[in-house]
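Here is what each chain is made of, one letter per residue.
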Amino acid sequence: MTPNLTYVIVVGVLVAAGVTLLLERSLTRVLMGVILLGNGANMLLLTGGRAGTPPIVGDGPQEEMSDPLPQAMILTAIVITLGMTAFLLALAYRSWHLNGHDEVQDDVEDRRIMDLAERDEVPDDDVDGDDDDDANTETERSRTASVDAGRAG
């Protein structure tokens, strides 16, 4: 069975809009992204099923029956999307109640790890690839000691 081009375009738009909204910082937009992505997944599953008579034995010939698996998968996806929606709605409400907004803030630990990773990058002037003992200078030793002390504390 070849899917209808309209369904394929609608699935693409729903998934693209859902992913775009998932990447936002506002929990309300993330919630809308989950809903759109769930609807896109349901439409994708719907296009995979074969149209035909109801899948009830004795209601028609078996060759003309529709496949019940996509229908069951769509019902399961609806339940999962509903659960995720309820969870994200509770998170957004709690964030709004505590902070007065529902924006996700930067994690201090993630920012510290990013700063450490940026400092450990190889400088552009060391392109010859030789391993000099210059790297073990006093400042490098003190930085390593402070990082180790930060991990211990």
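About the thresholds
- Within each chain, residue numbers correspond to sequence positions counted from 1 in written order.
- For a predicted model such as this one, the threshold for reporting local features is a pLDDT of at least 70, and the threshold for listing and counting side-chain atom pairs is 80 or more; totals across whole chains, interfaces and linings nevertheless cover every residue.
- Heavy atoms throughout the structure, all of them, feed into the side-chain values; hydrogens and water do not.
- Starting at the N terminus, helices and strands are each numbered in turn, a helix being any DSSP run of H or I of at least four residues and a strand any DSSP run of E of at least two.
- Type-normalised accessible area, obtained with a 1.4 Å probe on protein chains alone, sets the label of each residue: buried when under 20%, exposed when over 50%, and partly exposed for intermediate values.
- In what follows, a contact means two residues having at least one pair of non-hydrogen atoms within 4.5 Å.
- Think of a salt bridge as a Lys or Arg side-chain nitrogen and an Asp or Glu carboxyl oxygen that are within 4 Å of each other.
- One fewer than the residue count of a helix, multiplied by 1.5 Å, yields its expected span.
- The predictor reports its confidence for every residue as pLDDT, a score running from 0 up to 100.
- Helix axes are fitted only over the stretch in contact, all axes being lines through C-alpha atoms; the angle between N-to-C directions runs from 0 to 180 degrees.
- Orientation is classified from the angle alone, with under 35 degrees giving roughly parallel, over 145 giving roughly antiparallel, 65 to 115 giving roughly perpendicular, and any other angle giving oblique.
- Two helices crossing with the near one rotated counterclockwise from the far one by less than a right angle form a left-handed crossing, whereas a clockwise rotation gives a right-handed crossing.
- For this classification, Asp, Glu, Lys and Arg are treated as charged, while Ala, Val, Leu, Ile, Met, Phe, Trp, Tyr, Cys and Pro are nonpolar and the rest, including Gly, are polar.

## Section: the overall build of the protein
Part 1 of the argument: Of the regular secondary structure elements, the protein holds 5 helices and 0 strands.
Part 2 of the argument: Order of helices (α) and strands (β) in the protein, N terminus to C terminus: α-α-α-α-α.
Part 3 of the argument: Classification of the 153 residues of the protein by burial places 17% in the buried group.
Part 4 of the argument: Across the protein, every contact between residues at least 6 apart in sequence was considered, and the portion connecting residues at least 24 apart equals 51%.

## Quick notes on the pattern of salt bridges
Part 1 of the argument: Per the counting criterion, the structure on display carries 1 salt bridge.
Part 2 of the argument: Among the salt bridges present, the one from Glu-109 reaches Arg-112, with a minimum N-O distance of 2.8 Å. Separated by 3 residues within a single helix, Glu-109 and Arg-112 lie in helix α4 (residues 108–119), roughly one turn from each other.
Part 3 of the argument: Residue Glu-109 is classed as partly exposed on the basis of its relative accessible area, which comes to 38%.
Part 4 of the argument: Arg-112 gets classed as partly exposed once you look at its relative accessible area, which sits at 41%.

## What about helix α2 (residues 27–48)?
Part 1 of the argument: With 22 residues, α2 extends 32 Å between its outermost C-alpha atoms, agreeing within 8% with the 32 Å of an ideal straight helix rising 1.5 Å per residue.
Part 2 of the argument: Taken together, the buried positions of α2 are Leu-27, Val-30, Leu-31, Gly-33, Val-34, Gly-38, Gly-40, Asn-42 and Thr-47.
Part 3 of the argument: Lining the buried residues of α2 we find α1 (5–22) and α3 (68–99).

## What to know about the confidence of the model for the protein
Parts of the prediction with low pLDDT should not have their coordinates interpreted in detail.
Part 1 of the argument: Looking at the protein, pLDDT values average 80 and 78% of them are 70 or higher.
Part 2 of the argument: Mean pLDDT values over the elements of the protein span from 54, in helix α5 (residues 138–152), up to 94, in α1.

## Side note on the packing of α1 against α2
Part 1 of the argument: One way to put it is that α1 packs onto α2 with a least axis distance of 7 Å and a crossing angle of 155°. Put simply, α1 runs roughly antiparallel to α2. Classified by chirality, the crossing of α2 by α1 is left-handed. Residues Tyr-7, Val-10, Val-11, Leu-14, Val-15, Ala-17, Gly-18, Val-19, Leu-21 and Leu-22 of α1 pack against Arg-29, Val-30, Met-32, Gly-33, Val-34, Leu-36, Leu-37, Asn-39, Gly-40, Met-43, Leu-44 and Thr-47 of α2.
Part 2 of the argument: Of the residues assigned to the contact of α1 with α2, the class counts are 16 nonpolar, 5 polar and 1 charged.

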